[in-house]
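Architecture and fold: a report
The lines below spell out each chain.
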Amino acid sequence: MGNPSRSSLQPPAHSNEIKVSFPQEHVLLLTFNRPKSLNAVTPTMTDDIKTVLDWFDDEPSLWIVIVTGEGRAFCAGADLIEWNKRQAGGGADEDQQRIIREADGFASISRRYSSSKPIIAAVNGGAYGGGVEIILNCDLVIASDDAKLALPEVKRGVVAVQGGMPRLARIAGHQLASEMLLLGKTITAQDAATRFGFVNKVVPKTEVLSTALAWAAEIAQNSPDAVQSTKRALLLAGRNGSVEDVVVAHVNSQESKRAFTSDNIQEGLRAFTEKRKPVWKNPAKL
């Protein structure tokens, strides 16, 4: 299967609230594009992101997505002005039902489970509320050294219900999660990396995207079948308490079965014996 050129890739139509580009081979760059509103997420933006990410998941030549924000913020979370209008109009029940109905979560990312392709967050600036919930469901997180992060929902009478609470508790532990969630505390990117454990690397603001692209290039040097099978195992680990249950569920997963029977497993082993770099093919569609 040949790789389509980046210029030939045609993402689905979307509004100008997001930007979509292909900065290097196998990589989709998704940019939140409401800089005047600090990239606060609207329903239109959520629909656009879902449409694009569903297309990305189904496009064999795209192996990694990088998510970032336009302007000085990564994502300020929900648009609270719109939320206030819904609340005033008696929309509380619909809000709760929508959370259950929209299984991919906030901005169609914070609870996204179906995708086994790596998601890298390039946190170019502040992330608040749902913006942090997005980060907590990304596989790798590169953050600007001036970025501030918070789950301040309790300060506004709302709750971080889109996956952030259980994810933070699992990553940071109960007490540190409580520090962020119950105080509504703002933390630095450095603290997010060294104390709370949900940022991989802190870099100068000018190096956030280039570092994310470099990490994406490293991932792309590996077998996409093996990478996607590995991510599926990590996702299963988040849902299963027993190591043995995860092993069995992973071996039975579509990604694992594909990895064991793909051309890429043969290519990887053959390249090792022949002392050369492997040449990977796009994975077969699941």
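Reading the values: rules and limits
Numbers given for residues are sequential positions, taken from 1 along each chain in its written order. In keeping with the model being predicted, local features are shown solely for residues with a pLDDT of at least 70 and side-chain atom pairs are shown and tallied solely at 80 or more, while totals for entire chains, interfaces and linings include all residues. Heavy atoms from the whole structure form the basis of all side-chain values; hydrogens and water molecules are not counted. Here's how the labels work: a residue is buried when its accessible area is under 20% of the maximum for its type, exposed when over 50%, partly exposed in between, all with a 1.4 Å probe on protein chains only. Comment: elements are numbered from the N terminus, with helices defined as DSSP H or I runs of at least four residues and strands as E runs of at least two. For two strands to pair, DSSP has to find at least two bridges joining them. For this document, the term salt bridge refers to a Lys or Arg side-chain nitrogen within 4 Å of an Asp or Glu carboxyl oxygen. For every element, the axis is a line fit to its C-alpha atoms; helices are fit only across the contacting stretch, and the angle between N-to-C directions ranges from 0 to 180 degrees. Throughout, a contact is declared for two residues whenever any of their heavy atoms are within 4.5 Å.

A few points about the pairing of strand 1 (residues 18–21)
- Alternating positions in strand 1 separate cleanly, Ile18 and Val20 being buried on one face and Lys19 and Ser21 remaining unburied on the opposite face.
- In the sheet, strand 1 pairs with strand 2 (residues 27–32) via 4 bridges, with the strands oriented antiparallel. Opposite Val20, over in strand 2, you have Leu30 as the bridge partner.
- Joining the antiparallel neighbours strand 1 and strand 2 is a turn of 5 residues, in which His26 adopts a positive phi near 75°.

Thoughts on the pattern of salt bridges
- Under the defined criterion, the tally for this structure stands at 18 salt bridges.
- The partner of Asp54 in a salt bridge is Arg112, with the nearest N and O atoms 3.3 Å apart. In this pair, Asp54 sits in helix 1 (residues 43–58) while Arg112 sits in the loop between helix 3 (92–101) and strand 5 (119–123), placing the two residues 58 residues apart along the sequence.
- You can call Asp54 partly exposed: its relative accessible area is 32%.
- Note that Glu179 and Lys185 form a salt bridge whose closest N and O atoms lie 2.6 Å from each other.
- Classification of Glu179 as buried rests on a relative accessible area of 17%.
- For Lys185, a relative accessible area of 32% gives the class partly exposed.

Quick notes on the sheet that holds strand 2
- Taking strand neighbours across the sheet as the criterion, the 6 strands line up as 1-2-3-5-7-10 in an open arrangement whose pairing is mixed. The strands lining the two open edges of the sheet, one partner per strand, are strand 1 and strand 10 (201–203). Within the sheet, the average angular offset between the axes of one strand and its neighbour, ignoring direction, is 20°.
- Contacting strand 1, strand 2 and strand 3 (64–69), helix 1 crosses the sheet at an angle of about 175° to strand 2.

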